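Examination of the molecular architecture
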Amino acid sequence: MDSTSLTTLAAAQLEKAREASSGRASVTVYGGQEHRLRQTLIALREGERLGEHDAPDEATLQVLQGEVALHAGTDTWRGGAGDHLVIPPQRHDLEALSDAAVLLTVAT
């Protein structure tokens, strides 16, 4: 059985995001070609965005640290550490309102 400290991983990815010119960093926590589930830890420096993109079939977002805003059409959801969201099946954008780390879970 594998175990990963999301707190430790989030801290490491946030350090990378703060140093990166893009203001973001990510790492796959679980998943890959041989799995139907993929979990990715994404860290964003305050003010950075992922940019609008299509939604996967099924996905959730758990805020591990900081505060984010998910924009989908005319709707906006704001979340902080401990919040969980089912991502709507439409184009959306993720914005870091403070330095933030999120766990994206996608069914592939």
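Structure's up top.
A few points on the structure. (Residues numbered from 1 in each chain as written. Predicted model: local features only at pLDDT ≥ 70, side-chain atom pairs only at ≥ 80, totals over all residues. Heavy atoms only, no water.)

1. What to know about the overall build of the protein
- Secondary structure summary: the protein contains 1 helix and 8 strands in total.
- Put simply, the protein runs from its N terminus to its C terminus through helices and strands in the order α-β-β-β-β-β-β-β-β.
- The C-alpha radius of gyration computed for the protein amounts to 13 Å, which stays within 12% of the reference 13 Å derived for 108 residues, consistent with globular compactness.
- Based on the C-alpha atoms only, the size of the protein along its principal axes is roughly 40 × 30 × 25 Å.
- Expressed as a percentage of its 108 residues, the buried residues of the protein come to 31%. (Helix = DSSP H or I, 4+ residues; strand = E, 2+ residues; numbered from the N terminus. Rg over C-alpha atoms; globule rule 2.2 N^0.38 Å. Buried < 20%, exposed > 50% of the residue type's maximum accessible area, 1.4 Å probe, protein only.)

2. Focus on the pairing of strand E4 (residues 67-72)
- Here E4 runs beside strand E5 (residues 75-80); their pairing, made up of 6 bridges, is antiparallel. Directly across from Leu 70, in E5, lies its bridge partner Trp 77.
- In this sheet, strand E7 (residues 93-96) lies alongside E4 in antiparallel orientation, the contact comprising 4 bridges. Of the residues in E7, the one forming a bridge with Leu 70 is Leu 94. (Pairing = 2+ DSSP bridges.)

3. Remarks on the pattern of salt bridges
- In the structure shown here, the tally under the stated rule is 8 salt bridges.
- Its salt-bridge partner being Asp 99, residue Arg 18 comes within 2.7 Å of it at the nearest N-O pair. Residue Arg 18 is found in helix H1 (residues 6-19), and its partner Asp 99 is found in the loop between E7 and strand E8 (100-107); the two are separated by 81 residues along the sequence.
- Exposure remark for Arg 18: the relative accessible area of 35% places this residue in the partly exposed category.
- Taking the relative accessible area as the measure of exposure, Asp 99 reaches 24% and is therefore partly exposed.
- When the shortest N-O distance is used, the salt bridge between Arg 45 and Glu 48 registers 3.3 Å.
- According to the relative accessible area criterion, Arg 45 is partly exposed, its value standing at 23%. (Salt bridge = Lys/Arg side-chain N within 4 Å of Asp/Glu carboxyl O.)

4. Examining the sheet that holds strand E3 (residues 58-65)
- The antiparallel open sheet is built from 5 strands, whose spatial order is E1-E2-E8-E3-E6. Among the strands making up the open sheet, the edge pair consists of strand E1 (24-30) and strand E6 (84-86). For this sheet, the mean inter-axis angle between neighbouring strands, taken without regard to orientation, is 20 degrees.
- Where E3 lies against E8, 7 bridges are found, and the strand directions are antiparallel. Within E8, the residue paired with Ala 59 across the bridge is Val 106. (Axes fitted to C-alpha atoms, helices over the stretch in contact; angles between N-to-C directions.)

5. Thoughts on the sheet that holds E4
- Pairing is antiparallel in the open sheet, where 3 strands are placed in the order E5-E4-E7. One side of each edge strand has no neighbouring strand; the edge strands of this open sheet are E5 and E7. This sheet shows a mean twist of 20 degrees between the axes of neighbouring strands, independent of strand direction.

6. Observations concerning the side chain of His 92
- On the secondary structure map, His 92 appears in the loop between E6 and E7.
- Exposure remark for His 92: the relative accessible area of 4% places this residue in the buried category.
- Engagement of the side chain of His 92 in a polar contact is seen with the backbone oxygen of Gln 90, the distance being 3.0 Å.
- In this structure, His 92 is in contact with Gly 51, Glu 52, His 53, Asp 54, Ala 55, Pro 56, Leu 70, His 71, Ala 72 and Ile 87, ignoring residues within four places of it in sequence. (Polar contact = N/O pair within 3.5 Å; in protein donor to acceptor, adjacent residues only side chain to side chain. Contact = heavy atoms within 4.5 Å.)

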